[in-house]
Amino acid sequence: MIMACESWQKQLDTYLDGELSADDMKAFDAHVRTCSSCAADALARVQMKRSLEVAGKRFAPSADFRRRIQKSIAARPQRSFSLAWTLATVAAVLVAGTLALTHLAARSSRDHVFSEIADLHVATLASSSPVDVVSTDRHTVKPWFQGKIPFAFNLPELQNTEFTLVGGRMTYLDQTPGAQLLYDVRKHHISVFIFQERSVPVNWGANSLAPKNSPFNVETWSQGGLRYFVISDTSPADIDALAQLFERD
Amino acid sequence: MPLFDQLYNFAHWLTQNREEAEDLVQETYAKALRGFSSFQLGTNFRAWMYRILRNTFLTSRTGLKATVTVPLDAEDGGPELAVESETPETVFIDRSDRRALETAMENLPVHFREILLLSEVEEMSYQEISETLSIPIGTVMSRLSRARRHLRILLRQRLQEA
(Lines give C-alpha, C1' and ligand atoms only; values in the text may rest on other atoms or scores of the structure.)
Protein backbone atom coordinates (compact mmCIF):
# COMPACT_ATOMS: atom_id res chain seq x y z
CA MET A 1 0.00 0.00 0.00
CA ILE A 2 2.80 2.38 0.94
CA MET A 3 4.68 1.55 -2.23
CA ALA A 4 1.54 2.16 -4.21
CA CYS A 5 0.95 5.49 -2.52
CA GLU A 6 4.40 6.71 -3.41
CA SER A 7 3.60 6.49 -7.07
CA TRP A 8 0.28 8.26 -6.48
CA GLN A 9 1.95 11.00 -4.52
CA LYS A 10 4.40 11.72 -7.25
CA GLN A 11 1.46 12.67 -9.39
CA LEU A 12 -0.50 14.42 -6.70
CA ASP A 13 0.37 17.95 -7.82
CA THR A 14 -0.40 17.14 -11.43
CA TYR A 15 -3.71 15.71 -10.29
CA LEU A 16 -4.57 18.79 -8.24
CA ASP A 17 -3.55 21.02 -11.16
CA GLY A 18 -6.07 19.11 -13.24
CA GLU A 19 -3.41 18.13 -15.74
CA LEU A 20 -3.72 14.35 -15.71
CA SER A 21 -5.55 12.61 -18.52
CA ALA A 22 -9.27 12.09 -18.01
CA ASP A 23 -8.81 8.41 -17.17
CA ASP A 24 -6.00 9.10 -14.73
CA MET A 25 -8.04 11.82 -13.10
CA LYS A 26 -10.85 9.34 -12.52
CA ALA A 27 -8.51 6.72 -11.13
CA PHE A 28 -7.00 9.33 -8.85
CA ASP A 29 -10.41 10.48 -7.63
CA ALA A 30 -11.20 6.92 -6.68
CA HIS A 31 -7.88 6.42 -4.93
CA VAL A 32 -8.06 9.63 -2.89
CA ARG A 33 -11.50 8.62 -1.67
CA THR A 34 -10.17 5.39 -0.18
CA CYS A 35 -6.68 6.44 0.93
CA SER A 36 -6.60 8.67 3.98
CA SER A 37 -2.92 9.47 3.68
CA CYS A 38 -3.21 10.67 0.09
CA ALA A 39 -6.42 12.50 0.96
CA ALA A 40 -4.72 14.39 3.80
CA ASP A 41 -1.81 15.26 1.57
CA ALA A 42 -4.14 16.42 -1.16
CA LEU A 43 -6.09 18.55 1.28
CA ALA A 44 -2.94 20.28 2.55
CA ARG A 45 -1.78 20.98 -0.98
CA VAL A 46 -5.15 22.32 -2.02
CA GLN A 47 -5.10 24.59 1.00
CA MET A 48 -1.68 25.82 0.00
CA LYS A 49 -2.86 26.44 -3.55
CA ARG A 50 -5.84 28.42 -2.32
CA SER A 51 -3.78 30.43 0.16
CA LEU A 52 -1.28 31.23 -2.53
CA GLU A 53 -4.02 32.23 -4.92
CA VAL A 54 -5.28 34.74 -2.37
CA ALA A 55 -1.91 35.94 -1.11
CA GLY A 56 -0.59 36.17 -4.64
CA LYS A 57 -3.14 38.78 -5.64
CA ARG A 58 -1.35 41.29 -3.53
CA PHE A 59 -0.36 44.31 -5.56
CA ALA A 60 -2.75 46.66 -7.28
CA PRO A 61 -1.67 49.39 -9.68
CA SER A 62 -2.28 52.92 -8.44
CA ALA A 63 -4.99 54.98 -10.11
CA ASP A 64 -2.32 57.45 -11.12
CA PHE A 65 -0.27 54.80 -12.87
CA ARG A 66 -3.34 53.45 -14.65
CA ARG A 67 -4.05 56.93 -16.00
CA ARG A 68 -0.45 57.39 -17.07
CA ILE A 69 -0.43 54.17 -19.03
CA GLN A 70 -3.77 54.90 -20.61
CA LYS A 71 -2.48 58.27 -21.68
CA SER A 72 0.78 56.95 -23.05
CA ILE A 73 -1.05 54.33 -25.06
CA ALA A 74 -3.67 56.76 -26.31
CA ALA A 75 -0.89 59.09 -27.50
CA ARG A 76 0.10 56.52 -30.07
CA PRO A 77 -1.35 56.56 -33.58
CA GLN A 78 -5.06 56.09 -33.13
CA ARG A 79 -5.60 53.49 -35.77
CA SER A 80 -3.01 50.93 -34.82
CA PHE A 81 -3.88 51.33 -31.16
CA SER A 82 -7.58 50.93 -31.38
CA LEU A 83 -7.45 48.13 -33.87
CA ALA A 84 -4.69 46.27 -32.14
CA TRP A 85 -6.06 46.38 -28.64
CA THR A 86 -9.68 45.87 -29.31
CA LEU A 87 -9.01 42.99 -31.60
CA ALA A 88 -6.58 41.42 -29.21
CA THR A 89 -9.15 41.62 -26.50
CA VAL A 90 -12.07 40.46 -28.53
CA ALA A 91 -10.33 37.72 -30.48
CA ALA A 92 -6.90 37.16 -31.88
CA VAL A 93 -8.58 35.49 -34.79
CA LEU A 94 -9.42 38.84 -36.26
CA VAL A 95 -5.81 39.93 -36.67
CA ALA A 96 -5.22 38.61 -40.14
CA GLY A 97 -8.33 40.29 -41.36
CA THR A 98 -7.30 43.58 -39.80
CA LEU A 99 -3.99 43.63 -41.60
CA ALA A 100 -5.84 42.93 -44.80
CA LEU A 101 -8.24 45.73 -43.95
CA THR A 102 -5.41 48.18 -43.42
CA HIS A 103 -3.91 47.31 -46.77
CA LEU A 104 -7.20 47.62 -48.52
CA ALA A 105 -7.79 51.07 -47.11
CA ALA A 106 -5.72 52.83 -49.71
CA ARG A 107 -7.07 50.89 -52.64
CA SER A 108 -10.26 52.59 -53.53
CA SER A 109 -12.61 55.15 -52.12
CA ARG A 110 -15.18 52.48 -51.41
CA ASP A 111 -12.71 50.44 -49.47
CA HIS A 112 -11.52 53.63 -47.86
CA VAL A 113 -14.99 54.32 -46.52
CA PHE A 114 -15.36 50.75 -45.26
CA SER A 115 -12.02 51.01 -43.56
CA GLU A 116 -12.97 54.31 -41.94
CA ILE A 117 -16.25 52.82 -40.78
CA ALA A 118 -14.44 49.82 -39.33
CA ASP A 119 -11.98 52.10 -37.55
CA LEU A 120 -14.80 54.22 -36.15
CA HIS A 121 -16.55 51.09 -34.94
CA VAL A 122 -13.42 49.68 -33.31
CA ALA A 123 -12.40 53.01 -31.81
CA THR A 124 -15.87 53.29 -30.26
CA LEU A 125 -15.60 49.87 -28.67
CA ALA A 126 -12.14 50.68 -27.36
CA SER A 127 -13.30 53.93 -25.85
CA SER A 128 -13.95 54.17 -22.15
CA SER A 129 -17.16 56.07 -22.95
CA PRO A 130 -18.40 54.53 -26.18
CA VAL A 131 -21.62 56.51 -26.36
CA ASP A 132 -22.47 60.12 -25.51
CA VAL A 133 -26.14 59.49 -25.02
CA VAL A 134 -26.70 56.34 -23.00
CA SER A 135 -30.20 55.03 -23.33
CA THR A 136 -32.05 51.97 -24.48
CA ASP A 137 -34.98 54.21 -25.37
CA ARG A 138 -35.09 55.33 -28.98
CA HIS A 139 -37.26 58.26 -27.95
CA THR A 140 -34.36 59.53 -25.85
CA VAL A 141 -31.61 58.81 -28.33
CA LYS A 142 -33.22 60.27 -31.41
CA PRO A 143 -33.96 63.76 -29.99
CA TRP A 144 -30.43 63.93 -28.59
CA PHE A 145 -29.11 64.30 -32.13
CA GLN A 146 -31.35 67.28 -32.86
CA GLY A 147 -29.28 70.32 -33.70
CA LYS A 148 -26.08 68.26 -33.61
CA ILE A 149 -26.30 66.80 -37.09
CA PRO A 150 -27.77 68.37 -40.22
CA PHE A 151 -30.45 65.70 -40.78
CA ALA A 152 -33.03 63.60 -38.97
CA PHE A 153 -33.63 59.87 -39.01
CA ASN A 154 -35.87 57.28 -37.41
CA LEU A 155 -34.87 54.51 -35.07
CA PRO A 156 -36.68 51.19 -35.31
CA GLU A 157 -38.79 49.60 -32.62
CA LEU A 158 -36.82 46.69 -31.11
CA GLN A 159 -39.52 44.94 -29.17
CA ASN A 160 -39.55 41.19 -29.78
CA THR A 161 -36.10 41.31 -31.35
CA GLU A 162 -32.76 40.23 -29.95
CA PHE A 163 -31.31 43.70 -30.35
CA THR A 164 -30.91 46.27 -27.63
CA LEU A 165 -30.05 49.90 -28.13
CA VAL A 166 -27.02 50.99 -26.09
CA GLY A 167 -26.90 54.62 -27.09
CA GLY A 168 -25.53 56.99 -29.65
CA ARG A 169 -22.77 59.44 -30.40
CA MET A 170 -21.83 61.97 -33.01
CA THR A 171 -19.28 60.84 -35.50
CA TYR A 172 -17.40 62.19 -38.47
CA LEU A 173 -16.56 60.64 -41.80
CA ASP A 174 -14.21 62.67 -43.94
CA GLN A 175 -15.02 65.80 -41.94
CA THR A 176 -18.78 65.49 -42.32
CA PRO A 177 -20.93 64.89 -39.27
CA GLY A 178 -23.15 61.87 -38.84
CA ALA A 179 -24.83 59.70 -36.25
CA GLN A 180 -23.49 56.51 -34.77
CA LEU A 181 -25.81 54.20 -32.89
CA LEU A 182 -24.58 51.31 -30.84
CA TYR A 183 -26.60 48.12 -30.52
CA ASP A 184 -25.95 44.86 -28.72
CA VAL A 185 -26.97 41.42 -29.82
CA ARG A 186 -25.84 38.44 -27.72
CA LYS A 187 -22.66 40.16 -26.49
CA HIS A 188 -21.76 41.39 -29.95
CA HIS A 189 -21.67 45.11 -30.57
CA ILE A 190 -23.13 46.55 -33.72
CA SER A 191 -22.63 50.08 -34.95
CA VAL A 192 -25.11 51.77 -37.24
CA PHE A 193 -23.70 54.81 -39.01
CA ILE A 194 -25.90 57.35 -40.74
CA PHE A 195 -24.53 60.06 -43.01
CA GLN A 196 -25.98 62.26 -45.68
CA GLU A 197 -25.69 60.49 -49.01
CA ARG A 198 -23.94 63.44 -50.60
CA SER A 199 -21.20 63.41 -47.96
CA VAL A 200 -20.09 59.92 -49.00
CA PRO A 201 -19.92 60.35 -52.78
CA VAL A 202 -19.00 56.81 -53.65
CA ASN A 203 -20.44 54.59 -56.34
CA TRP A 204 -21.67 51.79 -54.13
CA GLY A 205 -23.09 49.59 -56.87
CA ALA A 206 -25.74 47.02 -56.27
CA ASN A 207 -23.67 44.65 -54.23
CA SER A 208 -21.77 46.78 -51.76
CA LEU A 209 -20.59 44.27 -49.20
CA ALA A 210 -17.53 44.62 -47.03
CA PRO A 211 -14.13 44.00 -48.62
CA LYS A 212 -13.04 40.40 -48.54
CA ASN A 213 -10.97 39.35 -45.53
CA SER A 214 -12.49 42.04 -43.40
CA PRO A 215 -13.00 40.85 -39.83
CA PHE A 216 -16.31 42.66 -39.86
CA ASN A 217 -19.52 42.22 -41.70
CA VAL A 218 -20.97 45.36 -43.17
CA GLU A 219 -24.19 46.19 -44.87
CA THR A 220 -24.89 49.53 -46.47
CA TRP A 221 -27.83 51.05 -48.25
CA SER A 222 -29.34 54.39 -49.15
CA GLN A 223 -32.69 55.56 -47.90
CA GLY A 224 -34.28 59.00 -48.05
CA GLY A 225 -31.05 60.75 -48.98
CA LEU A 226 -29.19 59.10 -46.12
CA ARG A 227 -26.46 56.50 -46.32
CA TYR A 228 -26.63 53.75 -43.70
CA PHE A 229 -23.86 51.42 -42.63
CA VAL A 230 -24.33 48.50 -40.24
CA ILE A 231 -21.07 46.99 -39.07
CA SER A 232 -20.15 44.32 -36.53
CA ASP A 233 -18.20 41.14 -35.97
CA THR A 234 -21.48 39.29 -35.53
CA SER A 235 -23.01 37.16 -38.27
CA PRO A 236 -24.25 38.62 -41.57
CA ALA A 237 -27.71 37.35 -40.59
CA ASP A 238 -27.77 39.55 -37.47
CA ILE A 239 -26.59 42.52 -39.45
CA ASP A 240 -29.16 41.93 -42.10
CA ALA A 241 -31.89 41.60 -39.48
CA LEU A 242 -30.99 44.95 -37.94
CA ALA A 243 -30.68 46.56 -41.37
CA GLN A 244 -34.16 45.29 -42.22
CA LEU A 245 -35.55 46.92 -39.11
CA PHE A 246 -34.10 50.23 -40.18
CA GLU A 247 -35.26 49.89 -43.78
CA ARG A 248 -38.77 49.01 -42.70
CA ASP A 249 -39.00 52.08 -40.53
CA MET B 1 -6.34 47.76 -21.19
CA PRO B 2 -6.16 44.02 -21.33
CA LEU B 3 -4.48 42.25 -18.40
CA PHE B 4 -3.39 45.53 -16.79
CA ASP B 5 -4.06 44.59 -13.16
CA GLN B 6 -2.70 41.07 -13.50
CA LEU B 7 0.45 42.19 -15.28
CA TYR B 8 1.05 44.84 -12.65
CA ASN B 9 0.67 42.33 -9.83
CA PHE B 10 3.07 39.95 -11.56
CA ALA B 11 5.56 42.76 -12.20
CA HIS B 12 5.45 43.88 -8.59
CA TRP B 13 6.10 40.35 -7.39
CA LEU B 14 9.07 40.09 -9.71
CA THR B 15 10.63 43.47 -8.95
CA GLN B 16 9.38 43.75 -5.34
CA ASN B 17 9.25 47.48 -5.87
CA ARG B 18 6.41 49.72 -7.00
CA GLU B 19 8.40 52.07 -9.20
CA GLU B 20 10.23 49.31 -10.96
CA ALA B 21 6.99 47.40 -11.43
CA GLU B 22 5.43 50.44 -13.07
CA ASP B 23 8.40 50.89 -15.38
CA LEU B 24 8.24 47.22 -16.26
CA VAL B 25 4.55 47.27 -17.09
CA GLN B 26 4.93 50.45 -19.10
CA GLU B 27 7.74 48.97 -21.14
CA THR B 28 5.76 45.79 -21.63
CA TYR B 29 2.84 47.67 -23.15
CA ALA B 30 5.15 49.75 -25.32
CA LYS B 31 6.87 46.61 -26.61
CA ALA B 32 3.56 44.83 -27.13
CA LEU B 33 2.18 47.70 -29.18
CA ARG B 34 5.33 47.99 -31.26
CA GLY B 35 5.54 44.25 -31.79
CA PHE B 36 1.88 43.50 -32.23
CA SER B 37 2.44 42.33 -35.79
CA SER B 38 4.80 39.66 -34.46
CA PHE B 39 1.97 38.21 -32.40
CA GLN B 40 1.24 34.88 -34.04
CA LEU B 41 -2.30 34.18 -35.00
CA GLY B 42 -3.76 31.31 -33.03
CA THR B 43 -1.25 31.51 -30.20
CA ASN B 44 -2.03 32.54 -26.68
CA PHE B 45 -2.28 36.30 -26.23
CA ARG B 46 -1.96 36.19 -22.46
CA ALA B 47 1.16 34.01 -22.63
CA TRP B 48 2.60 36.41 -25.20
CA MET B 49 2.09 39.42 -22.91
CA TYR B 50 3.55 37.68 -19.88
CA ARG B 51 6.49 36.54 -21.95
CA ILE B 52 7.25 40.11 -22.98
CA LEU B 53 7.00 41.30 -19.40
CA ARG B 54 9.16 38.50 -18.08
CA ASN B 55 11.85 38.84 -20.74
CA THR B 56 11.94 42.56 -20.12
CA PHE B 57 12.37 41.90 -16.42
CA LEU B 58 15.10 39.32 -16.89
CA THR B 59 17.19 41.74 -18.94
CA SER B 60 16.65 44.60 -16.46
CA ARG B 61 19.18 45.33 -13.75
CA THR B 62 17.01 43.94 -11.00
CA GLY B 63 16.23 40.93 -13.12
CA LEU B 64 19.86 40.20 -13.87
CA LYS B 65 20.74 40.54 -10.22
CA ALA B 66 17.90 38.25 -9.21
CA THR B 67 18.95 35.54 -11.61
CA VAL B 68 22.66 35.83 -10.93
CA THR B 69 22.30 35.36 -7.20
CA VAL B 70 20.21 32.21 -7.47
CA PRO B 71 20.70 29.05 -9.51
CA LEU B 72 18.95 29.62 -12.80
CA ASP B 73 17.70 26.13 -13.38
CA ALA B 74 18.04 23.61 -10.64
CA GLU B 75 16.47 21.02 -12.91
CA ASP B 76 19.36 21.45 -15.31
CA GLY B 77 21.90 20.32 -12.75
CA GLY B 78 22.15 23.39 -10.57
CA PRO B 79 22.63 23.12 -6.83
CA GLU B 80 19.92 21.05 -5.21
CA LEU B 81 17.89 22.28 -2.30
CA ALA B 82 18.35 20.91 1.16
CA VAL B 83 15.57 18.41 0.68
CA GLU B 84 16.43 16.49 3.82
CA SER B 85 15.24 19.43 5.91
CA GLU B 86 11.73 18.64 4.79
CA THR B 87 10.39 15.69 6.69
CA PRO B 88 6.68 15.40 6.08
CA GLU B 89 5.35 16.60 2.73
CA THR B 90 2.59 18.62 4.21
CA VAL B 91 2.36 22.05 5.75
CA PHE B 92 -1.01 23.15 6.99
CA ILE B 93 -1.58 26.84 6.87
CA ASP B 94 -4.53 29.01 7.67
CA ARG B 95 -5.57 32.56 7.05
CA SER B 96 -3.49 34.09 9.82
CA ASP B 97 -0.40 32.75 8.10
CA ARG B 98 -0.87 34.94 5.07
CA ARG B 99 1.95 37.24 6.07
CA ALA B 100 4.26 34.25 6.49
CA LEU B 101 3.26 33.03 3.05
CA GLU B 102 3.95 36.42 1.51
CA THR B 103 7.38 36.55 3.11
CA ALA B 104 8.12 33.03 1.94
CA MET B 105 7.14 34.01 -1.60
CA GLU B 106 9.32 37.10 -1.45
CA ASN B 107 12.28 35.00 -0.45
CA LEU B 108 11.72 32.42 -3.12
CA PRO B 109 14.19 32.48 -6.04
CA VAL B 110 12.63 34.40 -8.89
CA HIS B 111 12.21 31.37 -11.18
CA PHE B 112 10.25 29.58 -8.51
CA ARG B 113 8.25 32.65 -7.60
CA GLU B 114 7.18 33.35 -11.15
CA ILE B 115 6.09 29.82 -11.97
CA LEU B 116 4.01 29.64 -8.78
CA LEU B 117 2.34 32.93 -9.63
CA LEU B 118 1.54 31.79 -13.15
CA SER B 119 0.16 28.51 -11.90
CA GLU B 120 -1.68 29.43 -8.71
CA VAL B 121 -2.58 33.08 -9.19
CA GLU B 122 -3.03 33.29 -12.94
CA GLU B 123 -4.24 29.69 -13.03
CA MET B 124 -2.39 29.02 -16.26
CA SER B 125 -2.31 25.51 -17.66
CA TYR B 126 1.03 23.72 -18.00
CA GLN B 127 0.80 24.42 -21.72
CA GLU B 128 0.32 28.13 -21.14
CA ILE B 129 3.18 28.27 -18.63
CA SER B 130 5.34 26.43 -21.11
CA GLU B 131 4.58 29.09 -23.73
CA THR B 132 5.12 31.94 -21.28
CA LEU B 133 8.45 30.73 -19.94
CA SER B 134 9.58 29.14 -23.22
CA ILE B 135 10.35 25.83 -21.54
CA PRO B 136 9.07 22.31 -22.27
CA ILE B 137 6.08 21.00 -20.34
CA GLY B 138 8.26 18.44 -18.55
CA THR B 139 10.36 21.28 -17.21
CA VAL B 140 7.22 23.13 -16.17
CA MET B 141 6.20 20.14 -14.08
CA SER B 142 9.57 19.60 -12.46
CA ARG B 143 10.16 23.28 -11.79
CA LEU B 144 6.68 23.68 -10.35
CA SER B 145 7.24 20.72 -8.09
CA ARG B 146 10.56 22.16 -6.88
CA ALA B 147 9.04 25.55 -6.41
CA ARG B 148 6.28 24.11 -4.24
CA ARG B 149 8.70 22.11 -2.17
CA HIS B 150 10.95 25.11 -1.72
CA LEU B 151 7.99 27.24 -0.67
CA ARG B 152 6.91 24.65 1.87
CA ILE B 153 10.39 24.62 3.37
CA LEU B 154 10.56 28.39 3.62
CA LEU B 155 7.07 28.54 5.02
CA ARG B 156 7.78 25.95 7.66
CA GLN B 157 10.84 27.91 8.70
CA ARG B 158 8.77 31.07 8.98
CA LEU B 159 6.10 29.33 11.00
CA GLN B 160 8.63 27.75 13.32
CA GLU B 161 10.29 31.09 13.91
CA ALA B 162 6.97 32.68 14.73
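All of these numbers come straight from a predicted model, not from anything done at the bench.

### Overview of the overall build of chain A
A count of helical and extended segments in chain A gives 10 helices and six strands. Among the 249 residues that make up chain A, the fraction classed as buried is 31%. For chain A, long-range pairs separated by at least 24 residues make up 58% of all intrachain contacts whose partners lie at least 6 apart in sequence.

### Notes on the packing of helix H6 (residues 110–121) of chain B against helix H8 (residues 137–161) of chain B
All names here are of chain B. Where H6 contacts H8, the axes come no closer than 9 Å and their chain directions differ by 105°. Considering the angle they form, H6 stands roughly perpendicular to H8. Across the interface between the two elements, His-111, Phe-112, Ile-115, Leu-116 and Ser-119 from H6 touch Arg-143, Leu-144, Arg-146, Ala-147, His-150 and Leu-151 from H8. Its residues placed into classes, the contact of H6 with H8 shows six nonpolar, three polar and two charged.

### Digging into helix H3 (residues 45–58) of chain B
Counted at 1.5 Å a residue, the expected span for H3 of chain B with its 14 residues is 20 Å, and the 20 Å between its end C-alpha atoms agrees. Every buried residue of H3 of chain B is accounted for by Ala-47, Trp-48, Met-49, Tyr-50, Ile-52, Leu-53, Arg-54, Thr-56 and Phe-57 of chain B.

### Comments concerning the packing of H6 of chain B against helix H7 (residues 126–133) of chain B
All names here are of chain B. Between H6 and H7, the shortest axis-to-axis distance is 10 Å and the interhelical angle comes to 145°. When the axes of H6 and H7 are compared, the crossing they make is right-handed. On the side of H6, the interface is formed by Ile-115, Leu-118 and Ser-119, while H7 contributes Ile-129, Thr-132 and Leu-133. Classifying every residue of the contact of H6 with H7 gives four nonpolar, two polar and no charged.

Reading the values: the criteria
The residue numbering used here restarts from 1 in each chain and proceeds along that chain's sequence as written. Throughout, the order in which chains and ligands are written sets their labels, letters from A for the former and numbers from 1 for the latter. Local features in this predicted model are restricted to residues whose pLDDT is 70 or higher, and side-chain atom pairs enter the listing and the counts only when it is 80 or higher, whereas totals over whole chains, interfaces and linings include all residues. Helix numbers and strand numbers start at the N terminus; a helix is a DSSP run of H or I with at least 4 residues, a strand a run of E with at least 2. Exposure in this text rests on C-beta crowding, where 20 or more other C-beta atoms within 10 Å of a residue's own make it buried, 12 or fewer make it exposed, and counts in between make it partly exposed. The C-beta atoms are placed from the backbone. Our contact criterion uses C-beta atoms placed from the backbone: two residues qualify when those atoms are within 7 Å. For helices, the fitted line uses only the C-alpha atoms of the stretch in contact; every axis is such a line through C-alpha atoms, and the angle between N-to-C directions lies from 0 to 180 degrees. In these notes the angle categories are as follows: under 35 degrees is roughly parallel, over 145 is roughly antiparallel, 65 to 115 is roughly perpendicular, and the rest is oblique. Residue classes follow a fixed rule: Ala, Val, Leu, Ile, Met, Phe, Trp, Tyr, Cys and Pro count as nonpolar, while Asp, Glu, Lys and Arg count as charged, and any other residue, Gly among them, counts as polar. Take the number of residues in a helix, subtract one, and multiply by 1.5 Å to get its expected span. Helix crossings get a hand from a simple test, with the near helix turned counterclockwise from the far one by less than a right angle marking a left-handed crossing and a clockwise turn marking a right-handed one.

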